[in-house]
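Residue-level structure breakdown
What follows is each chain in one-letter form.
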Amino acid sequence: MRIPSFIIPSQFLVRKPLLQRVYHRILVSRLLKHTMATITLKSPPITVKLPEGLSEERLLGFSPFNNWLKTLTHSLSLQRSNPSHPFHADPYSLHSITIQSFDLFGHAPNQRLGFLKLTADVRNTADETLSGSVFLRGPSVAMLVMLIPDDVVASAENEADERYVVLTVQPRIPAGSLEFVELPAGMVDEGGSFAGTAAQEIREELDLEIPESELRCLSDMVAESETRGEHSEDLPAAMYPSAGGCDEHIPIYMHERRVPRETLKEWTGKLTGLRDDGERITLKLVKMKDLWREGRHDSKALAAVALWEGLRRENKL
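Anyway, here's the lowdown on the structure attached to this text. (Residues numbered from 1 in each chain as written. Predicted model: local features only at pLDDT ≥ 70, side-chain atom pairs only at ≥ 80, totals over all residues. Heavy atoms only, no water.)

**A look at the pattern of salt bridges**
All chains considered together, the criterion is met by 18 salt bridges. Between Arg-123 and Asp-127 there is a salt bridge; the shortest N-O distance is 3.9 Å. For Arg-123, a relative accessible area of 25% corresponds to the partly exposed category. A salt bridge links Arg-163 to Glu-256; its shortest N-O distance comes to 2.7 Å. (Salt bridge = Lys/Arg side-chain N within 4 Å of Asp/Glu carboxyl O. Buried < 20%, exposed > 50% of the residue type's maximum accessible area, 1.4 Å probe, protein only.)

**Focus on the pairing of strand β3 (residues 93-105)**
Of the strand pairs in this sheet, strand β2 (residues 47-50) and β3 are connected by 3 bridges, and their pairing is parallel. Among the inter-strand pairings, Lys-49 is bridged to a residue of β3, identified as Thr-98. Bridge count for β3 against strand β4 (residues 112-123) is 11 bridges, and the pairing is antiparallel. Among the inter-strand pairings, Thr-98 is bridged to a residue of β4, identified as Thr-119. (Pairing = 2+ DSSP bridges. Helix = DSSP H or I, 4+ residues; strand = E, 2+ residues; numbered from the N terminus.)

**Here we look at the packing of aromatic side chains**
Tallied over the full model, the rule gives 4 aromatic pairs. Three or more aromatic residues joined by ring pairs make a cluster, and in this case those are Phe-105, Phe-115 and Phe-135. (Phe/Tyr/Trp six-rings, centres within 6.5 Å; stacked < 30°, edge-to-face > 60°.)

**What to know about the pairing of strand β14 (residues 281-287)**
Where strand β8 (residues 164-172) meets β14, 6 bridges bridge the pair, whose relative direction is antiparallel. Its bridge partner lying in β14, Thr-168 is registered against Leu-283. By the bridge criterion, 2 bridges tie strand β13 (residues 271-272) to β14 in an arrangement that is antiparallel. Counterpart to Thr-272 in the pairing with β14 is Ile-281.

**Structural notes on helix α5 (residues 194-206)**
The first and last C-alpha atoms of α5 sit 17 Å apart over 13 residues, in line with the 18 Å expected at 1.5 Å per residue. Listed in full, the buried residues belonging to α5 are Ala-195, Gly-196, Thr-197, Ala-198, Ala-199, Glu-201, Ile-202, Glu-205 and Leu-206. You can read the cap of α5 off the contacts: a side-chain oxygen lies 3.0 Å from the backbone nitrogen of Gly-196, and it is on Ser-193. Asp-207, located one to two residues past α5, shows a positive phi value of around 60°. (Expected span 1.5 Å × (residues − 1). Polar contact = N/O pair within 3.5 Å; in protein donor to acceptor, adjacent residues only side chain to side chain.)

**Side note on the nonpolar core**
Judged by nonpolar contacts, the single largest core of 24 residues is most densely connected at Leu-144, Val-165, Leu-218, Met-288 and Leu-291. Of all elements in the fold, only β7 (140-149), β8, α6 (218-223), β12 (252-259) and α9 (299-313) reach the threshold of two or more residues within this core. Among the elements that take part in this core, α9 stands out by supplying 6 residues, more than any other. Ignoring sequence-local partners within four residues, the contact set of Leu-291 consists of Leu-144, Val-165, Leu-167, Val-286, Arg-296, Ala-301 and Val-305. (Core = buried A, V, L, I, M, F, W, Y, C linked by side-chain atoms within 4.5 Å. Contact = heavy atoms within 4.5 Å.)

**Some thoughts on the side chain of Thr-197**
Relative to the elements of secondary structure, Thr-197 occurs in helix α5. For Thr-197, the side chain forms a polar contact with the main-chain oxygen of Ser-193, separated by 2.8 Å. Not counting residues within four places of it along the chain, the set of residues in contact with Thr-197 comprises Val-141, Gly-186, Met-187 and Val-188.

**Considerations on the environment of Ser-140**
By secondary structure assignment, the location of Ser-140 is in strand β7. The class of Ser-140 is buried, set by a relative accessible area of 2%. C-alpha of Ser-140 to C-alpha of His-249: the two residues are 109 residues apart in sequence and 6.3 Å apart in space. When near neighbours in sequence (up to four residues on either side) are disregarded, Ser-140 contacts Gly-186, Met-187, Val-188, Phe-194, Glu-248, His-249, Ile-250 and Pro-251. At 2.8 Å, the side chain of Ser-140 and the side chain of Glu-248 are in polar contact.

**A few points about α9**
Across its 15 residues, α9 extends 21 Å between first and last C-alpha, which sits within 8% of the 21 Å expected from 1.5 Å per residue. Among all positions of α9, only Lys-300, Ala-301, Ala-303, Ala-304, Val-305, Trp-308, Gly-310 and Leu-311 are buried. In the core, the buried residues of α9 are packed alongside β7, β9 (177-182), β10 (185-187), α6, β12 and α8 (291-294). Backbone geometry just downstream of α9 places Asn-315 in the positive-phi region, at approximately 60°.

Coordinates in, geometry out; function isn't part of it.
See below:
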């Protein structure tokens, strides 16, 4: 392997042949250490470049990667099978994937893959490309938990004025905030269910036990009325908060119950969260009719408002 002279430090430019060979081997080993391994997938048959430390086994065992690739492959196939597709004349294809970096969660030796950053080479025969910078993290769930004081007389008008939503206030470093107001939410672990994760997050963040059977998925309720044809993309019934760069999709669950009015006072300002996992959560209660304003920074809250109000207009809630 020939080493360009411009990357050889001046102290390595020696004249003795033996020392030159030694320094050459040192430099080659250093360069190879940082090269990427390349694998070829069976379906679709494309090459994937892996960074140092990420094995083929770990990558292919990461559900977010497999699900993203399956969804993208299906969407690309629709270009050819659907004559009315906007890209039918010159369809795009996935040619290769480069994994740029990854994050591991947990502690050795039980670490698991948490985040992936990759680029996908997607282009057509005219060599026109589609933006393929992707951050993979997998699905999450969000919970719209509504509480009504049990002394409120049951009527649409009374309940509308005293229906409270439980929000969390916590640090969100990616947003540059230490007091981010949002709906309770959590990532779906490998092999976990959406409803199970929702119930677990409600227990951890709100200290409230709600059986999975009592949770209703607003996202699924909307999808039930949707007619899917043979040329439909296979996207999950969920909200994508940042589809321009991230695969994260979030179904919205809801639960409503009556509680003693004293409970509302106890919950306001209550500290919760798993401290060992770095969670510092304070609870905040706001009226449902004010959620659009109080949760304006949170895409989950805004999506919950839209779904909840839409389903109520159609008398499905």
